[in-house]
Amino acid sequence: METAPIARVPLLSAELPSLDRIAPYLRRIDRSRWYSNFGPLVQELEARLADSFRANGHATPRVITVGNGTAGIELALRALDLPAHSPVLVPALTFVATATAVLSAGLTPIVWDVDADSWLLTPELAMEATGRTAVRAVVPVATFGCPQDSDGWSRFHARTGLPVVIDAAAGFGNQRDCGPTCAVFSMHATKPLAAGEGGFIVTRDARFATAVRQLSNFGINLTDPDAAPIGAVTMVGTNAKMSEYHAAVGLASLDMWPESATRRRAIYRTYTDAIQSIPNLNTQWQRAPEDCVRSVCCLLLDSQPRRDRAEAYLDAKGIGTRRWYLPLIDRHPAFAHIAHLPTPVADAIADRLLGIPFHLYLDSAAQALVVEALAAATRKRVRAVYDTTA
């Protein structure tokens, strides 16, 4: 007879600002009675986000907020004005939104491999891909929030002329430059900088920024009377604007960011140090900068059977797990038709990757439960996996 799990440790637990933190911004909405269409809170959020990139040692870029990160990638690709069905290089190891945005922009994803240490589609890999197939743009991903090499992508762009749209969904605080074209961030509830829903594009190309903003507002011309009458639709856009309410939550989250980022780094450090001290648990970790602000916690076990056994054991103990970004992008039924190049590294990662609980509410007791369960899973045979009394 199966028994109930002895503990429950959720995989994720979103941290959004409290009512007290959001209330001052909500009162400003009440006073202005401006609820959408590039309102004052949206403008303030964009300005503060732009300043945060300047504070990282770079010239201040343009920031355009959008309703969500996926729409941001799609609009960025559409602003490139590429021919229909142009091939766009994407990594095999990414969330489905990357391929969805490419297809929704009327373009064709080409799936390529990732680096074995960083788990990223790198400029070097992209350069190799351009020698094997036609490519008109690249969408590298800041995998699990770990940053892309902006300088490397700028060199890639200089050599190839290809635009680079960095999918930096969970990368705020880590992806500190937007590369040669732009970087797109998500503010979904599960992201480190959350607005419940939302996103933003960062670019230093003023014309590109204007095109993205116009596309986010149905394609209506609001800035260039010489091109067409103000109010006329000069490109086919959509409604992807951020509301003032989401901007209010985003601003309150930005107020909390320094403390939140520090806590995430501290929890991740102590947690993973404890996991790495488990005897006979052979793991590989994604290479990333020491100060990376983590959104999730993933490890590679030394074999697929070891991953499967640990996954089943943790699940039986009431500890949340997930095979993040899996199946690989071209293995989803909806994307089975898209072209892909050989992906041996991504295939090997897919066989062994396991996401385990990580969030700001993961206290020392919960961390200990996860560590103890992983340790036990390394000691037990497969037949003992479902023995929750062990």
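So, a few notes on the structure that sits alongside this text. (Residues numbered from 1 in each chain as written. Predicted model: local features only at pLDDT ≥ 70, side-chain atom pairs only at ≥ 80, totals over all residues. Heavy atoms only, no water.)

## A closer look at the overall build of the protein chain
Point 1. Broken down by element type, the protein chain carries 11 helices and 11 strands.
Point 2. Taken against the 2.2 N^0.38 rule, which gives 21 Å for 390 residues, the C-alpha radius of gyration of the protein chain at 22 Å falls within 12% of a compact globule.
Point 3. Its C-alpha atoms give the protein chain principal-axis dimensions of about 75 × 55 × 40 Å.
Point 4. Here the protein chain, with 390 residues, has 55% of them falling under the buried criterion.
Point 5. Counting contacts in the protein chain only where the partners sit at least 6 residues apart, residues at least 24 apart contribute 70% of the total.
Point 6. Just so you have it, the protein chain exposes about 16,700 Å², and 52% of that area is on carbon and sulfur atoms. (Helix = DSSP H or I, 4+ residues; strand = E, 2+ residues; numbered from the N terminus. Rg over C-alpha atoms; globule rule 2.2 N^0.38 Å. Buried < 20%, exposed > 50% of the residue type's maximum accessible area, 1.4 Å probe, protein only. Contact = heavy atoms within 4.5 Å. Areas by Shrake-Rupley, 256 points an atom, 1.4 Å probe, with all protein chains shown as cover.)

## Topic: the sheet that holds strand β9 (residues 297-301)
Point 1. Within the open sheet, the three strands sit side by side as β8-β9-β11. Their pairing is antiparallel. In this open sheet, the two edge strands, each paired with only one partner strand, are β8 (283-284) and β11 (353-356).
Point 2. In this structure, β9 lies alongside β11, joined through four bridges in antiparallel fashion. Looking at β11, one finds that L300 is bridged to L353.
Point 3. Each of β8, β9 and β11 touches helix α10 (residues 344-352); the most contacted strand, β11, lies at about 50° to it. (Pairing = 2+ DSSP bridges. Axes fitted to C-alpha atoms, helices over the stretch in contact; angles between N-to-C directions.)

## Concerning the nonpolar core
Point 1. Core analysis: the largest hydrophobic core is formed by 51 residues, its most contacted members being L77 and L353.
Point 2. If you list the elements that add at least two residues to this core, you get β1 (62-66), α3 (69-79), β2 (87-91), α4 (96-104), β6 (182-186), α7 (206-216), β9 and α10.
Point 3. Ranked by residues supplied to this core, first place goes to α3 with six residues.
Point 4. With residues near it in sequence (within four places) discarded, L353 still touches W119, F144, C298, L299, L300, R307, R323, W324 and L326.
Point 5. The next biggest cluster of nonpolar side chains, apart from the first, holds 46 residues, and it includes Y25, V42, I166 and L341. (Core = buried A, V, L, I, M, F, W, Y, C linked by side-chain atoms within 4.5 Å.)

## A look at the pattern of salt bridges
Point 1. With the rule as written, the count across this model stands at 17 salt bridges.
Point 2. In this structure, R48 and D255 form a salt bridge, with 2.9 Å as the shortest nitrogen-oxygen distance. With R48 in helix α2 (residues 40-55) and D255 in helix α8 (residues 244-276), this residue pair connects regions lying 207 residues apart in the sequence.
Point 3. Under the relative-accessibility criterion, R48 is labelled partly exposed at 26%.
Point 4. Residue classification places D255 among the partly exposed residues on the basis of a relative accessible area of 37%.
Point 5. For E74, the salt bridge is made with R78, and the minimal N-O distance between the two is 3.6 Å. Linking E74 with R78, this pair stays in helix α3, spanning four residues, or about one helical turn.
Point 6. Look at E74 and you get buried, because its relative accessible area is 18%. (Salt bridge = Lys/Arg side-chain N within 4 Å of Asp/Glu carboxyl O.)

## What about the pairing of β6?
Point 1. A large share of β6 lies buried, amounting to five of its five residues.
Point 2. Here β6 shows no split at all, with C182, V184 and S186 on one side and A183 and F185 on the other all buried.
Point 3. Across three bridges, strand β5 (residues 165-167) lies against β6 in parallel orientation. From the neighbouring strand, V165 faces β6, where its bridge partner is C182.
Point 4. Where β6 lies against strand β7 (residues 199-203), four bridges are found, and the strand directions are antiparallel. Directly across from F185, in β7, lies its bridge partner F200.

## Structural notes on the sheet that holds strand β3 (residues 108-112)
Note: strands within a sheet are paired through backbone hydrogen bonds, in either parallel or antiparallel orientation.
Point 1. Taken together, four strands build an open sheet; the order of strands is β4-β2-β3-β10 and the sheet is parallel. In this open sheet, the two edge strands, each paired with only one partner strand, are β4 (137-138) and β10 (339-340).
Point 2. Inspection of the sheet shows β2 paired to β4 by two bridges, in the parallel sense. When the sheet's bridge partners are listed, L89 is paired in β4 with V138.
Point 3. On top of the sheet, helix α5 (residues 123-130) reaches β2 and β3; it is set at about 115° to β3, its chief contact.

## Some remarks on the packing of α5 against helix α6 (residues 150-160)
Point 1. Packing of α5 against α6 leaves a shortest axis separation of 9 Å and a crossing angle of 25°. Classified by the interaxial angle, the pair formed by α5 and α6 is roughly parallel. Between α5, through P123, A126, M127 and T130, and α6, the contact on the second element is made entirely by G152, W153, F156, R159 and T160. (Parallel < 35°, antiparallel > 145°, perpendicular 65-115°, else oblique.)

## Let's talk about α4
Point 1. Among the residues making up α4, those that are buried are A97, T98, A99, A101 and V102.
Point 2. Buried residues in α4 make contact with α3, β2, β3 and β5.
Point 3. Just downstream of α4, G106 is the residue with a positive phi angle, here 80°.

## Considering the environment of A376
Point 1. The residue A376 is located in helix α11 (residues 364-379) in this model.
Point 2. For the pair formed by A376 and V141, sequence separation is 235 residues and the distance between their alpha carbons is 34 Å.

## Some remarks on the environment of D167
Point 1. Mapped onto the fold, D167 is located in strand β5.
Point 2. Sequence separation between D167 and N68 is 99 residues; the distance between their C-alpha atoms is 12 Å.
Point 3. Those residues in contact with D167, other than ones at most four positions away along the chain, are I73, T94, T98, V139, P140, V141, A142 and V184.

Keep in mind these numbers describe shape, not what the thing actually does.
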